[in-house]
Amino acid sequence: MRRNWSGTVDFPQDLLLPTSVAEVQGLVRTQEHALAVGSAHSFSPAAVGPGPHIGTERLPAQIDVAPDRSSVVVSAGTRYADLGPVLHSHGLALSAMASLPHISVGGAIATGTHGSGDRIGTLSSAVRGLEVVTADGEVRWIRRDIDSDFAGWVVALGALGVVTRIELSVEPTYDVAQTVLLGLDLDVVERDFDAVFSAATSVSVFTRWRPEPDAQLWLKRRVDREGAWAGSPDFGARQSGGKVHPLEELDPVHCTEQGGHEGPWYERLPHFRAEFTPSSGDEIQAEYLLPRSHAVEGIRRMRSMASMITPLLHVTEIRTMCADDLWLSPAQGRDTVGIHFTWQKDRRIFSVLPAIEEALLPLGARPHWGKVTVAAPERIVEAYPLFPSFARLVEAVDPQGKFRSDNVASLLRA
Ligand SMILES: Cc1cc2nc3c(=O)[nH]c(=O)nc-3n(C[C@H](O)[C@H](O)[C@H](O)COP(=O)(O)OP(=O)(O)OC[C@H]3O[C@@H](n4cnc5c(N)ncnc54)[C@H](O)[C@@H]3O)c2cc1C
């Protein structure tokens, strides 16, 4: 049976692989139910539904640069790993990448996927327009500068149709230098949160919540804006002697270049190299996106629960992103901080998640759409204040529920 990347979600449905937008239209017209699927990296059952999967990977690989070079149109099945070098060869860049570049653009933007950076938005926030095959089999372009409900269409969990092409904002290409510091104390992160996360264009803190100063500080500096790292402030941490993996005992061979060596954005913003293609992963991920104003309290609460978290955890990553206006974006309406957990693949995590969610959801945390949560649908809907607008859009665009995953159906009933 087909499964998601981590092997934790079964896909009993057929996989249809159209090779043109016209073929997608034909499939949509003949199916009672269907659901788009990207690279199937989600840990949540976002891509589970009653009809067949419509995969986007065989749609024509198209990357068209706009005449004014401020945007590109890409096929939804394009993986960021393939997009990065092509954009760079045109002298262009994205502002953000996720930790792993193997995910599809269509799947990433449909779930509000993000990287890190105080002044960097989610990957979804780069979208200017979408070509969508809707439930009647028609093709529509939805554009930020034209459609008043555009903000509902981007992070849409497949519920509005099959996105076939995406227009993304781009900028002139740039280099990034990545430096990793070890032995960071979470007391310092709590005390100097803003200073730590503004120390570079893109900052990640990795921790296993152990009592000793066990955190890693990953600084990704845009060379054109910030230059290479001058060695301070180091927040009391020490520069690593060589390349390191977020799990220090693991071989860092698959990590992107560190040590302050400058290189193109697409080879530094992700933590993991594109050439390494993991077909499956021995992990389960969960993430909670908090209003930045409550991030330090969220960290405090997680530290107080370390004895239940650490034994089942591979690693936690803390990242920032700036606010956007997309209705189901984790960063909608507020600067946001993600507290992420890469868990061991162990069912016992599902007895720890309720306590974590009891601690974080009251702080305004939103569960990541592509990762696991044990929150009841009513609580998820409550965490996304513009969900009612999204629900009205879904009812208007797909009243028969052709594209309704089991997950979205349960949220609409909540
Ligand atoms: C190792 C790993 C690292 C990760 N790192 C990050 C990270 O750094 N930051 C982060 O935020 N998340 C991260 N994630 C989560 C990941 O970004 C999301 O799960 C994302 O949705 C994966 O994209 P995908 O193409 O695999 O989507 P899928 O899992 O295939 O689909 C996800 C959802 O998108 C919909 N969808 C997919 N394609 C389309 C389309 N063309 N049209 C309409 N709807 C569509 C599907 O119906 C489904 O609802 C990571 C996941 C893994 C496995």
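Residues numbered from 1 in each chain as written. Predicted model: local features only at pLDDT ≥ 70, side-chain atom pairs only at ≥ 80, totals over all residues. Heavy atoms only, no water.

Peer 1: Sorry if this is basic, but what is going on with the sheet that holds strand β3 (residues 15-16) here?
Peer 2: Each strand in a sheet pairs with its neighbour through backbone hydrogen bonds, running either in the same direction (parallel) or in the opposite one (antiparallel). The 3 strands lie next to each other as β3-β5-β4, forming an open sheet whose pairing is parallel. In this open sheet, the two edge strands, each paired with only one partner strand, are β3 and β4 (35-37). Looking at chain direction, β4 and strand β5 (residues 53-55) are connected through 3 bridges and run parallel. From the neighbouring strand, Leu35 faces β5, where its bridge partner is His53. (Pairing = 2+ DSSP bridges. Helix = DSSP H or I, 4+ residues; strand = E, 2+ residues; numbered from the N terminus.)

Peer 1: Looking at this structure, how should I read the nonpolar core?
Peer 2: Buried together is how nonpolar side chains tend to be arranged in soluble globular proteins. Grouped together as the largest cluster of nonpolar side chains are 107 residues, with contacts concentrated most on Trp209 and Trp343. Of all hydrophobic cores here, the second largest spans 11 residues; its members include Val28, Ile54, Leu59 and Ala135. (Core = buried A, V, L, I, M, F, W, Y, C linked by side-chain atoms within 4.5 Å. Buried < 20%, exposed > 50% of the residue type's maximum accessible area, 1.4 Å probe, protein only.)

Peer 1: I tried to follow the sheet that holds strand β9 (residues 127-133) on my own but got confused; where do I start?
Peer 2: With antiparallel pairing, 5 strands are arranged side by side in an open sheet as β6-β7-β11-β9-β10. Two strands lie at the open edges of the sheet, namely β6 (63-65) and β10 (139-143), each paired on one side alone. Going across the sheet, the axis of each strand differs from the next one's by a mean of 15°, ignoring polarity. Across 5 bridges, strand β7 (residues 71-75) lies against strand β11 (residues 162-169) in antiparallel orientation. Counted as the bridge partner of Val74 is Ile166 from β11. (Axes fitted to C-alpha atoms, helices over the stretch in contact; angles between N-to-C directions.)

Peer 1: Would you mind going over unusual backbone geometry with me for this structure?
Peer 2: In terms of backbone geometry, most residues other than glycine have negative phi values and most peptide bonds are trans. Note that the residue after Ser232, namely Pro233, is joined by a cis bond; omega there is 0°. Along the polypeptide, Pro233 turns up in the loop between α7 (223-226) and β16 (238-239). The phi dihedral of Ala40 is positive, around 60°, even though this residue is not glycine. At Phe235, a residue that is not glycine, the phi angle is positive and equals roughly 55°. Relative to the helices and strands, Phe235 is located in the loop between α7 and β16. Judged by relative accessible area, which is 12%, Phe235 ranks as buried.

Peer 1: What is the right way to read helix α12 (residues 387-397) from this model?
Peer 2: Within the span of α12, buried status applies to Phe387, Phe390, Ala391, Leu393, Val394 and Val397. The buried residues of α12 all sit within an arc of 160° when viewed along its axis, so they share a single face. Facing away from the buried side of α12 by more than 90 degrees, the exposed set consists of Arg392 and Ala396. Close packing links the buried residues of α12 with α4 (150-153), α11 (377-383) and α13 (406-413). (Arc of directions from axis to C-beta. Contact = heavy atoms within 4.5 Å.)

Peer 1: How should helix α10 (residues 349-360) be read in this particular structure?
Peer 2: An α-helical segment advances 3.6 residues per turn. Residues three or four places apart therefore align on the same side. Across its 12 residues, α10 extends 16 Å between first and last C-alpha, which sits within 8% of the 16 Å expected from 1.5 Å per residue. What α10 keeps buried is the set Ile349, Val352, Leu353, Ile356, Glu357, Ala359 and Leu360. Along the axis of α10, the buried positions cluster into a sector of 150°, meaning they face one direction only. (Expected span 1.5 Å × (residues − 1).)

Peer 1: Can you help me understand the pairing of strand β19 (residues 313-321) in this one?
Peer 2: Note on strand geometry: in a regular strand, side chains alternate between the two faces of the sheet. Among the 9 residues in β19, 8 count as buried, and that is most of the element. In terms of strand pairing, strand β14 (residues 202-207) meets β19 through 4 bridges, oriented antiparallel. Residue pairing in the sheet places Ser204 in a bridge with Arg319 of β19. Judged from the 8 bridges that link them, β19 and strand β20 (residues 336-343) form a sheet pairing that is antiparallel. Opposite Thr316, over in β20, you have Phe341 as the bridge partner.

Peer 1: Can you help me understand the environment of Gly107 in this one?
Peer 2: One can find Gly107 in helix α3 (residues 105-110). For Gly107, a relative accessible area of 29% gives the class partly exposed. As a C-alpha pair, Gly107 and Gly121 span 14 residues in sequence and 17 Å in three-dimensional space.

Peer 1: It is not clear to me how empty space enclosed by the protein should be interpreted in this structure. Could you clarify?
Peer 2: Here the idea is plain: a probe the size of a water molecule rolls over the atoms and shows the empty space left. Evaluated as defined, the whole model comprises 3 cavities of 30 Å³ or more. Quantified by volume, the largest cavity comes out at close to 80 Å³. For the lining of the largest cavity, the elements supplying multiple residues, two or more each, are β14 and β19. Looking at the lining of the largest cavity, its residues break down into 5 nonpolar, 7 polar and 3 charged. (1 Å grid on protein atoms, 1.4 Å probe; cavity = no way out; pocket = protein on both sides within 12 Å on 5 of 7 lines; lining within 4 Å. Points joined across faces, edges and corners; volume = space filled by probe spheres on them. Nonpolar A, V, L, I, M, F, W, Y, C, P; charged D, E, K, R; others polar.)

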